[in-house]
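Reading the structure
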Amino acid sequence: MTQNHSNFKRLTNETAITLAKKLGLVNADASLKCNEIGDGNLNYVFHITDTVTNKGLIIKQAVPYAKVLGESWPLTLKRAAIEANALIHFRSYCPEFVPQVYYSDEQLAITVMEDLSHLKIVRTGLIDGDSYPLLSQHIGEYVAKTAFYTSDYHLEPSSKKEVARHFTNPELCKITEVFIFTDPFFEELPGDFEVELKDAAEKIWNDQEVILEVAKLKQSFETEQEALLHGDLHTGSIFASKTETKVIDPEFAFYGPVGFDLGQYTANLLFQAVTRNGAGKEEIFTLLHEFWNAFEETYTKLWEVQNKSPFRHVKGYLPYLLTKFKKDAFGFAGCELIRRTIGLSHVADLNVIGDKETRIAAKTATLEIGTFLIKKREELDVPAVIEALKQRTLPSYSTI
């Protein structure tokens, strides 16, 4: 169906300032400056700052196409409303980890929200060697709360179905289905990688066990409605400092398997685990442990106190679910590691490595650990994953 975008107008620095004043979010006579920021693939982001008080706000606008590809890849503007509603929804469960939304306009695909410029994008910070001692504790709590409170264990079935209806997100889900679960696993489909990785890529394409497991994971992503997910929970979607953490950019939000959010965050820590050595590597291992411990502890407490399911006291039910989440997460993490290496969308964690030989070694290790996670997900726990990573240490390189 062709979408009508006749009323859509893209913001500029000047019109973004005008909008902020019109909404009464800044003083009408304030001296403001506006910069377009961010390097995302889908949207424009404006940072407005009062030059006197240094107080600011963020205006994000979706456009009716993928910004990085242009109008050849049309996208619905509804994703802006989904993102704004997801932020509001998630903030209601864990306000400490989600920025405040001040205003949204579905027709213009605009969301105005809290300024987080005092924080740093976690991917950038980890590459720079910054330390985030509370990051994984916070993200573990965030995923547990959003997963539990939007599930059948807290919501009445009719209420959950109504929430799910508002977060039907077929176009953004299609991007995930194609870029994460399909293109990287077939030689004839689009990919982008160094020629030196061809043999490693072909090994994956020809491994029917891997392809079968990816097919199962894709089916899970497409059919299981366990909870409302962020849908794109990588380290580039998190702002943090040593004491504060905020999750942003949930425009991919939809009802899906809990393990997907868990796997996305896990995988994006694993990129750092592959590229680091020594104390830097151990720091990432600590973040992995803290993330999974925080998730399981928080989810268990919510289960015990706020579970409304008639089956909540059935012995073995909660351990079964936690085990399922973990198995799913490791599989989804494996897909993310592979697609960010030989798919169309890469990560700076790997690409920042200047020495080509070392970069190829890191990417080869990433493909190996991704394959390992997908094939062995039924039998893995966090210590086993860490042990596998220790076997894939780069001998003389660290990104920090």
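Residues numbered from 1 in each chain as written. Predicted model: local features only at pLDDT ≥ 70, side-chain atom pairs only at ≥ 80, totals over all residues. Heavy atoms only, no water.

With an unreviewed UniProt entry as reference, the protein is termed Methylthioribose kinase, source organism Peribacillus castrilensis. UniProt lists a comment for the protein under the heading Catalytic activity (unreviewed entry), and it reads "5-(methylsulfanyl)-D-ribose + ATP = 5-(methylsulfanyl)-alpha-D-ribose 1-phosphate + ADP + H(+)". UniProt, in the comment section headed Subunit (unreviewed entry), describes the protein in these words: "Homodimer." (UniProt positions renumbered as here; feature names shortened; annotations may be inferred.)

**Looking at the side chain of Asp115**
Counting through the fold element by element, Asp115 comes out in the loop between β7 (110-114) and β8 (120-121). We note that Asp115 is buried and unpaired, the nearest opposite charge coming from Lys33 at a distance of 10 Å. At a separation of 3.1 Å, a polar atom in the side chain of Asp115 contacts the side chain of His47. A polar contact is formed between the side chain of Asp115 and the backbone nitrogen of Ser117, at a distance of 3.0 Å. Sequence-distant contacts of Asp115, that is, excluding residues within four places in its chain, are made with His47, Gly56, Leu57 and Ile58. (Helix = DSSP H or I, 4+ residues; strand = E, 2+ residues; numbered from the N terminus. Buried < 20%, exposed > 50% of the residue type's maximum accessible area, 1.4 Å probe, protein only. Lys, Arg positive; Asp, Glu negative; His and termini not counted. Salt bridge = Lys/Arg side-chain N within 4 Å of Asp/Glu carboxyl O. Polar contact = N/O pair within 3.5 Å; in protein donor to acceptor, adjacent residues only side chain to side chain. Contact = heavy atoms within 4.5 Å.)

**A few points about unusual backbone geometry**
A negative phi angle characterises most non-glycine residues, just as the trans form characterises most peptide bonds. If you check the backbone angles, Ala109 has positive phi at about 55° while not being a glycine. Locating Ala109 in the fold gives a position in the loop between β6 (101-105) and β7.

**Let's talk about the environment of Ser136**
Note on placement: Ser136 falls in helix α4 (residues 135-149). Taking C-alpha positions, Ser136 is 9.1 Å from Phe295, a pair spaced 159 residues apart along the chain. The residues touching Ser136, leaving out its near neighbours within four places in the chain, are Tyr265, Leu269, Leu287, Glu290, Phe291 and Ala294. Polar side-chain contacts of Ser136 include one of 2.8 Å to the backbone oxygen of Leu287.

**A few points about the pattern of salt bridges**
Within the structure shown, the criterion is met by 27 salt bridges. A salt bridge links Lys120 to Asp128; its shortest N-O distance comes to 2.9 Å. On the basis of relative accessibility, which here comes to 48%, the residue Asp128 falls in the partly exposed class. As a salt-bridge pair, Lys324 and Glu224 come within 2.8 Å of each other at their nearest N and O atoms. Placement of the pair is Lys324 in helix α11 (residues 317-342) and Glu224 in the loop between α8 (208-223) and β9 (227-229), with a sequence separation of 100 residues. Classification of Lys324 by relative accessible area gives buried; the value is 17%. For Glu224, a relative accessible area of 25% puts it in the partly exposed group. A single salt-bridge network, built from bridges that share partners, covers Glu224, Glu226, Lys324 and Asp328.

**As for the packing of aromatic side chains**
As enumerated under the stated definition, the model contains 21 aromatic pairs in all. Ring centres of Tyr153 and Tyr317 lie 5.9 Å apart, and the angle between their planes is 80°; this geometry places the pair in the edge-to-face category. Remark: Tyr317 occurs in helix α11 and Tyr153 occurs in the loop between α4 and α5 (157-166); sequence separation between them is 164 residues. Site record: aromatic cluster; members linked through ring pairs are Tyr93, Phe148, Tyr149, Tyr265, Phe291, Trp292, Phe295, Tyr299, Phe325 and Phe330. Above the ring of Tyr44, the side-chain terminus of Arg10 is found at 4.1 Å from the ring centroid. (Phe/Tyr/Trp six-rings, centres within 6.5 Å; stacked < 30°, edge-to-face > 60°. Lys NZ or Arg CZ within 6 Å of the ring centre and 35° of its normal.)

**Let's talk about the packing of helix α9 (residues 258-275) against helix α13 (residues 356-376)**
At their nearest, the axes of α9 and α13 sit 10 Å apart, and the two run at 130° to each other. The orientation of α9 relative to α13 falls into the category oblique. In the packing of α9 onto α13, the handedness of the crossing is right-handed. Counted together, Leu270, Phe271, Val274 and Thr275 of α9 and Ala362, Ala365, Thr366, Ile369 and Leu373 of α13 form the full contact between these two elements. (Axes fitted to C-alpha atoms, helices over the stretch in contact; angles between N-to-C directions. Parallel < 35°, antiparallel > 145°, perpendicular 65-115°, else oblique. Left-handed = near helix turned anticlockwise from the far one by under 90°.)

**A look at the UniProt feature "binding site: substrate" (unreviewed entry) in the protein**
Mapped onto the present numbering, the UniProt feature "binding site: substrate" (unreviewed entry) falls on Asp232 and Arg339. Annotated residues spanning 108 residues; largest pairwise C-alpha distance 13.6 Å, indicating a single compact cluster. By the element assignment, Asp232 lies in the loop between β9 and β10 (238-240). Those residues in contact with Asp232 that sit more than four places away from it in its chain are Ser237, Phe252, Asp261 and Gln264. Of note, Arg339 is situated in helix α11. For Arg339, a relative accessible area of 7% corresponds to the buried category.

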